[in-house]
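Structural overview for review
Residue-level listing of the chains:
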Amino acid sequence: QVIKKKSLNQEDKNTWENYIKDPSDVYDKEKGFPKNKKSKERFKFDLHGFSLEGANKKIKEILQHCVDNHYKELLVITGKGIHSTNDQDAFTSRDFGKLKYSIPDYIKSNEELNKLVVSINNAQKEDGGEGALLLKLKNLQNKF
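Everything in this summary refers to the structure shown in the same document.

Conventions we followed
Residues numbered from 1 in each chain as written. Predicted model: local features only at pLDDT ≥ 70, side-chain atom pairs only at ≥ 80, totals over all residues. Heavy atoms only, no water. Axes fitted to C-alpha atoms, helices over the stretch in contact; angles between N-to-C directions. Helix = DSSP H or I, 4+ residues; strand = E, 2+ residues; numbered from the N terminus. Parallel < 35°, antiparallel > 145°, perpendicular 65-115°, else oblique. Left-handed = near helix turned anticlockwise from the far one by under 90°. Contact = heavy atoms within 4.5 Å. Nonpolar A, V, L, I, M, F, W, Y, C, P; charged D, E, K, R; others polar. Expected span 1.5 Å × (residues − 1). Buried < 20%, exposed > 50% of the residue type's maximum accessible area, 1.4 Å probe, protein only.

Digging into the packing of helix H2 (residues 52-68) against helix H3 (residues 99-109)
Taken N-terminus to C-terminus, the directions of H2 and H3 make an angle of 55°; their axes are 10 Å apart at the nearest point. One element, H2, and the other, H3, form an angle in the oblique class. Seen along the crossing, H2 lies across H3 with a hand that is right-handed. Residue-level inspection shows Leu-52, Ala-55, Asn-56, Ile-59, Lys-60 and Leu-63 of H2 in contact with H3, the latter providing Leu-99, Ser-102, Ile-103, Tyr-106 and Ile-107. Split into classes, the residues belonging to the contact of H2 with H3 amount to eight nonpolar, two polar and one charged.

Set out below in structure tokens:
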């Protein structure tokens, strides 16, 4: 049985499209990590295009960068999973095949990463809503 995905309502679609129009504050994978940004409040990273395994490796690297540079929050853009084909594969779990579910589980199950994070929540609507995760970080250094 094929499970039909929930379609986005127009308001959610507009919010997401407006958010992704200006990616200037999102980390550019091609340029490497930024050096000494003035604002140390929030680091943003887009995981679109990463496999589950690749995303898990990258999230560890990103968390280390954020801790080393004293960021207080990490906004991880995962997408909403609306383009995922996991529902069509009987051998793939719908819930854990999506980054927005697997990233929190990976962090919570990894003792060294879990020690760095205070909380993991869906981002506010203006920051990507269900298509992004907001991680509040502890004030630590060099935990890897």
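Quick look at H2
Its 17 residues give H2 an end-to-end C-alpha distance of 24 Å, which sits within 8% of 24 Å, the value for a rise of 1.5 Å per residue. Of the residues making up H2, those classed as buried are Ala-55, Asn-56, Lys-58, Ile-59, Ile-62, Leu-63, Gln-64, His-65, Cys-66 and Val-67. Those residues of H2 that are buried lie in contact with strand S1 (42-46), strand S2 (73-77), H3, helix H4 (111-114), strand S3 (117-122) and strand S4 (132-137). After H2 finishes, the residue His-70 shows a positive phi value of roughly 60°.

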